[in-house]
Amino acid sequence: MARSFSEDEKKRIGQNLIIECEKSWASYGYKKTNIDQLCRKVGISKGAFYLFFDSKEWLFCSVLDTIQERILCLIAATMTEKVSKQSISQMLKKLYLEYDKTNILTQRNNPDFIAFLNRAPEEWKQKSRIISDDFIMNKLFDSQLQLKMEKQKAVGIFNALLSIVTNKETIGYDHFEVFSTLLDSVIDKIYE
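Residues numbered from 1 in each chain as written. Predicted model: local features only at pLDDT ≥ 70, side-chain atom pairs only at ≥ 80, totals over all residues. Heavy atoms only, no water.

### Observations regarding the overall build of the protein chain
Line of reasoning, step 1. Within the protein chain one finds 10 helices and zero strands.
Line of reasoning, step 2. The secondary structure elements of the protein chain, listed N-terminal to C-terminal, are α-α-α-α-α-α-α-α-α-α.
Line of reasoning, step 3. The principal-axis extents of the C-alpha atoms in the protein chain amount to approximately 65 × 40 × 25 Å.
Line of reasoning, step 4. Approximately 11000 Å² of the protein chain is accessible, and the part contributed by carbon and sulfur atoms is 49%.
Line of reasoning, step 5. Each charge class in the protein chain was averaged separately, 28 positive and 26 negative side chains, and the resulting centres sit 2 Å apart. (Helix = DSSP H or I, 4+ residues; strand = E, 2+ residues; numbered from the N terminus. Areas by Shrake-Rupley, 256 points an atom, 1.4 Å probe, with all protein chains shown as cover. Lys, Arg positive; Asp, Glu negative; His and termini not counted. Charge placed at Lys NZ, Arg CZ, Asp CG, Glu CD.)

### Notes on the pattern of salt bridges
Line of reasoning, step 1. Inspection of every chain in the model, using the stated rule, returns 12 salt bridges.
Line of reasoning, step 2. Here Lys85 ties to Asp188 by a salt bridge, and the two come within 2.9 Å at their closest N and O atoms. Here Lys85, found in helix 5 (residues 85–101), pairs with Asp188, found in helix 10 (residues 175–190); they are 103 residues apart in sequence, far enough to count as distant.
Line of reasoning, step 3. Put simply, Glu98 and Lys101 hold a salt bridge, and the shortest N to O gap is 3.6 Å. One end of the pair, Glu98, and the other, Lys101, are both in helix 5, three residues apart, so they sit about a helical turn from each other.
Line of reasoning, step 4. Owing to a relative accessible area of 9%, Glu98 belongs among the buried residues under this scheme.
Line of reasoning, step 5. Connected through shared salt-bridge partners, Glu22, Arg70, Glu98 and Lys101 make up one network. (Salt bridge = Lys/Arg side-chain N within 4 Å of Asp/Glu carboxyl O. Buried < 20%, exposed > 50% of the residue type's maximum accessible area, 1.4 Å probe, protein only.)

None of the figures reported here should be taken as evidence of function without further support.
Written out as structure tokens, the structure reads:
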């Protein structure tokens, strides 16, 4: 029989499961992330796991919700009321670093991520707000800044720059520095 946990323990253990799951998912993928190993890392039995999450998929949903909340906070903290080219550049650099840190979102089209989505609970899918590239791009263009080019071209440039993170091993130099240099050189060509 699983032992009972105090409310503080439940909160701490639940958060630790999310943290360990995110690390494992980023390193090994959804299919290879093992609940037994996660439970050992946080010091609970596999039976106790089900006091915190109904299934492996619900844990992964919580991981995605946590990542998305971090991104929304990052966008809100960077995009001040007076949006400037500098604040947009700063936000994109922070977003790039977040994508690099949690490569889970950059893997949205791979079979392992799709396998997770296929098994994710319908209830979560209906209420989830999986942050899309469109959401992020709309934030970049909701400002009063005037574009020097067609919006779709600007979106394509930003998407191309952010995709560097998915090919960072082939860059042959510090990929973030390459991203930053390219972004800094193009931002004045995109906005007035």
